[in-house]
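An overview of the molecular structure
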Amino acid sequence: MATFPSEEWLVQYVERINASKDYEEAAATWEGDLSYVFEAEPDKGVPKDVWAWADLWHGKCRGAKFDVTPEEGEKAKFIIRAPYSRWKQVIRRELDPIKGMMQGKLKLKGDLPTIVRNVKAANELVNIASSVPTEFVDER
Amino acid sequence: MIVVDPGVEGLGLMLAELVRANVERNPRCRALLRAPARSINVRAPDAEVEVGIVLGGGRFRVLPAAHARADLEVITDSGTLMSLSSTPLRFGLPDLMTMEGRAVTKKMLTGELKVRGIVPNLGTLIRLQKLLSVAP
């Protein structure tokens, strides 16, 4: 079981992305790297913002890095950010990412039309995240 | 041209961003803003979000709350609302020749997608659809 957020969790996530036929199909035309920002919640074991970067290309993840600097992470084509506990809700499927964006709970930076055209791929990324056996850092 | 009032978040920012991107990519979209101004509400009850829009008079203005009375009102779940933007259009309305267009039309017929005020404001609905469309 991997702790979220951690490099080990990201590695398992990437492995599952690359093994997913559903994602490969849904993201067949997707081109663009993505930074996830897990915003600090010191009382929940996340003392600082954590940036994770994934290079997503035509249904595969060509590479990923955990705990990149904000300067590095900001270079990504898309950035999605939320406090740690919101991500926990997303991974547990208690918060639908589309609803989360509409409610302003998840904040996206990048070309929104591309995201809207690829909403199925975005949902698959959430499905995959939910499938990683996860122990949350505030529940250890 | 694209005006976002203070206090607008989430859905309102997304709608403004979609219109801004379309107007930038296709300057012909600017013409869609020139008609007389009409008030529009967009509501997604499952996400408990709603916004008011003023479309026309040269602007697409997003307000943080719905209008007390709007000329046109679109009410549906958040997923359908998102899919409306990627549904191919024909003459500004969902294209029945496509699977996505038929799915949207079916939702209108079954009440999963409600559009109030459509008859006197069909032109406004068409302009709204075109401004928000990201369909190829």
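Let me sum up the structure you'll find in this document.

Cut-off values and rules
Residues numbered from 1 in each chain as written. Chains lettered and ligands numbered in written order. Predicted model: local features only at pLDDT ≥ 70, side-chain atom pairs only at ≥ 80, totals over all residues. Heavy atoms only, no water. Helix = DSSP H or I, 4+ residues; strand = E, 2+ residues; numbered from the N terminus. Buried < 20%, exposed > 50% of the residue type's maximum accessible area, 1.4 Å probe, protein only. Contact = heavy atoms within 4.5 Å. Core = buried A, V, L, I, M, F, W, Y, C linked by side-chain atoms within 4.5 Å. Axes fitted to C-alpha atoms, helices over the stretch in contact; angles between N-to-C directions. Parallel < 35°, antiparallel > 145°, perpendicular 65-115°, else oblique. Nonpolar A, V, L, I, M, F, W, Y, C, P; charged D, E, K, R; others polar.

Quick notes on the overall build of chain B
When helices and strands are counted, chain B shows 4 helices and 8 strands. Sequence-ordered secondary structure for chain B, helices as α and strands as β, is β-α-β-β-β-β-α-β-β-α-β-α. By residue count, 48% of the 136 residues in chain B fall in the buried class. Contacts in chain B between residues at least 24 apart in sequence constitute 63% of all its contacts with a sequence separation of at least 6.

Observations regarding the nonpolar core
Among the nonpolar cores identified, the biggest contains 78 residues, and Tyr13(A), Tyr36(A), Leu56(A), Ile53(B), Phe60(B) and Leu131(B) are the most heavily contacted of them. Ranked by residue count, the leading element in this core is helix α1 (residues 10–25) of chain B, at 7 residues. In contact with Leu56(A), not counting residues within four places along its chain, are Ile17(A), Tyr23(A), Trp30(A), Glu31(A), Gly32(A), Asp33(A), Leu34(A), Cys61(A) and Leu125(A). Val37(A), Trp53(A), Val68(A) and Ala76(A) belong to the second-largest nonpolar core, a separate cluster that totals 6 residues.

Considerations on the packing of α1(B) against helix α4 (residues 122–132) of chain B
All names here are of chain B. At a minimum axis separation of 7 Å, α1 and α4 run at an interaxial angle of 80 degrees. What the angle tells us is that α1 and α4 run roughly perpendicular. On α4, the residues touching Leu15, Leu18, Val19, Asn22 and Val23 of α1 are Lys130, Leu131 and Leu132. Its residues assigned to classes, the contact of α1 with α4 comprises 6 nonpolar, 1 polar and 1 charged.

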